[in-house]
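Report on the structure
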Amino acid sequence: MRRIFVIGIGVGDPDHMTVQAIEALNQVDVFFMPDKGAEKAALRDLRTTICERFITSAGYRTVDIDIPQRAAAGDYLAGVDEWHGRLADLYSLLFEQELAEEEVGAMLVWGDPAIYDSTLRIIERVRAKGLALDIQVIPGISSVQVLAAKHRIALNRIGESVLLTTGRKLADGFPDGFGSVVVLLDGAQAFAHLAEQDLDIFWGAYLGTEHEILRSGRLADVKDEIEAVRARARQKHGWIMDIYLLRKSDPGR
Ligand SMILES: C[S@@+](CC[C@H](N)C(=O)[O-])C[C@H]1O[C@@H](n2cnc3c(N)ncnc32)[C@H](O)[C@@H]1O
């Protein structure tokens, strides 16, 4: 049976690679490399660096996957579902054509495959279509962990819950029942609309890369600076990935 490794590779620093991930890399016959989004150059660079640095044999092949665009109009969830269906068709074809029975294929996933990444969902759809695949997931260091480490904070306050969410969801307001909220995929700086609430922010962009930027403080005090720094960096590099933790300000402060 064909085997597929889904390997988390960290979020920009090759040193994020775990020993398990490096051992998996060295068993791979074919790397399937999707090209997507504005950050694709950074992603491609990291993948290339990782393959060159950690793979000790030269016997692997690489198959680039040209990812089709998702329809921007219409219902968001229906659009994503339709897009994933097209991706599953594409992956299915490529796995069958490019990977012999008993060979090992791999997909290198930014960060950890379990956090806001659809690779596993799409591969499940490939299996549901009837292609027999043995899937193994190798966890990676995610942007959530790197954000906490760089700011030297724990994500949760004692006994409290943490929510992982998106900028799209945060736009509805700071969620009830959570002391801390980690926000990914926020292209619209949803935090800026919460500045009148008593919140602290721990923000990071390009974490783990040479361009890394960190800012933190009371949201009302630092929101303008974060927005300005973010806009300048995005303009300079042509892309940005940023993440932040918002939490209710420490009542003891
Ligand atoms: C599609 S999600 C992928 C998350 C990834 N699987 C992980 O484990 O971090 C992309 C989002 O992750 C966050 N992200 C990923 N890498 C980052 C980095 N190096 N610095 C800051 N944020 C990052 C950003 O919020 C970005 O919009």
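In this report, we go over the structure that sits alongside the text. (Residues numbered from 1 in each chain as written. Predicted model: local features only at pLDDT ≥ 70, side-chain atom pairs only at ≥ 80, totals over all residues. Heavy atoms only, no water.)

**Comments concerning the sheet that holds strand β2 (residues 30-35)**
Note: strands within a sheet are paired through backbone hydrogen bonds, in either parallel or antiparallel orientation. The 5 strands are arranged β3-β2-β4-β1-β5 in an open sheet whose pairing can be described as parallel. Edge positions in the sheet fall to β3 (61-66) and β5 (133-138), since each has one partner strand and no second. Strand-to-strand, the axes of this sheet are offset by a mean angle of 25 degrees, without reference to chain direction. As judged from the 6 bridges shared by strand β1 (residues 2-8) and β5, these two strands associate in the parallel manner. Note on β5: the bridge partner recorded for Ile-7 is Ile-138. The strands touched by helix α4 (residues 119-128) are β1, β4 (104-109) and β5; relative to β5, the strand with the most contacts, the crossing angle is about 170 degrees. (Pairing = 2+ DSSP bridges. Helix = DSSP H or I, 4+ residues; strand = E, 2+ residues; numbered from the N terminus. Axes fitted to C-alpha atoms, helices over the stretch in contact; angles between N-to-C directions. Contact = heavy atoms within 4.5 Å.)

**Quick word on α4**
Note on helix geometry: an α-helix contains 3.6 residues per turn, so any two residues three or four positions apart are oriented the same way. Listed as buried for α4 are Thr-119, Ile-122, Ile-123 and Val-126. With its buried residues spanning 100 degrees around the axis, α4 presents them on a single face. Just downstream of α4 lies Gly-130, where phi reads positive at about 115 degrees. (Buried < 20%, exposed > 50% of the residue type's maximum accessible area, 1.4 Å probe, protein only. Arc of directions from axis to C-beta.)

**Side note on the pattern of salt bridges**
Within this structure, the stated rule accounts for 13 salt bridges. For Glu-82, the salt bridge goes to Arg-86, with nearest N and O atoms at 2.9 Å. Of the two residues, Glu-82 and Arg-86 both sit in helix α3 (residues 76-98), 4 residues apart, roughly one turn of that helix. Classification of Arg-86 by relative accessible area gives partly exposed; the value is 31%. Here Glu-227 and Lys-223 are joined by a salt bridge, their closest N and O atoms 3.8 Å apart. Of this pair, Glu-227 and Lys-223 both sit in helix α7 (residues 219-237), separated by 4 residues, roughly a single helical turn. Since its relative accessible area comes to 28%, Glu-227 is described here as partly exposed. Connected through salt bridges with shared partners, the residues Lys-223, Asp-224 and Glu-227 form a single ionic network. (Salt bridge = Lys/Arg side-chain N within 4 Å of Asp/Glu carboxyl O.)

**Let's talk about the site of the ligand**
Around the ligand, the surrounding shell holds 16 residues, and the nearest of these are Trp-110, Asp-112, Ile-115, Ser-143 and Asp-242. In the model, an oxygen atom of the ligand is placed 2.8 Å from a nitrogen or oxygen of the Asp-112 main chain. If the ligand stood free it would expose 560 Å²; the protein chains cover 90% of that surface. Taken together, the residues that form the shell around the ligand break down as 10 nonpolar, 4 polar and 2 charged. Two domains each put at least three residues into the shell around the ligand: domain 1 (2-138) and domain 2 (143-248). (Near = heavy atom within 4 Å. Polar contact = N/O pair within 3.5 Å; in protein donor to acceptor, adjacent residues only side chain to side chain. Areas by Shrake-Rupley, 256 points an atom, 1.4 Å probe, with all protein chains shown as cover. Nonpolar A, V, L, I, M, F, W, Y, C, P; charged D, E, K, R; others polar. Domains from an automatic or database assignment.)

**Some thoughts on the sheet that holds strand β9 (residues 213-218)**
Across the sheet, 5 strands lie side by side as β6-β7-β10-β8-β9; this open sheet has mixed pairing. Every other strand in the sheet has two partners, leaving β6 (162-166) and β9 as the edge strands with one partner each. Within the sheet, the average angular offset between the axes of one strand and its neighbour, ignoring direction, is 15 degrees. Judged from the 6 bridges that link them, strand β8 (residues 199-205) and β9 form a sheet pairing that is antiparallel. Paired with Trp-203 across the two strands is Arg-215, which belongs to β9. The sheet strands contacting helix α5 (residues 143-151) are β6, β7 (180-184), β8, β9 and β10 (242-248), and the helix crosses β8 at an angle near 110 degrees. Along the sheet face, α7 touches β8, β9 and β10 and points at about 160 degrees away from the line of β9.

**Digging into the environment of Pro-34**
Among the structural elements, Pro-34 can be located in strand β2. In this structure Pro-34 comes out as buried when scored by relative accessible area, which is 10%. The spatial distance from the C-alpha of Pro-34 to the C-alpha of Ala-71 is 18 Å, given a sequence separation of 37 residues. What Pro-34 contacts, discounting residues up to four positions off in sequence, is Arg-47, Ile-65, Ile-67, Tyr-91 and Met-107.

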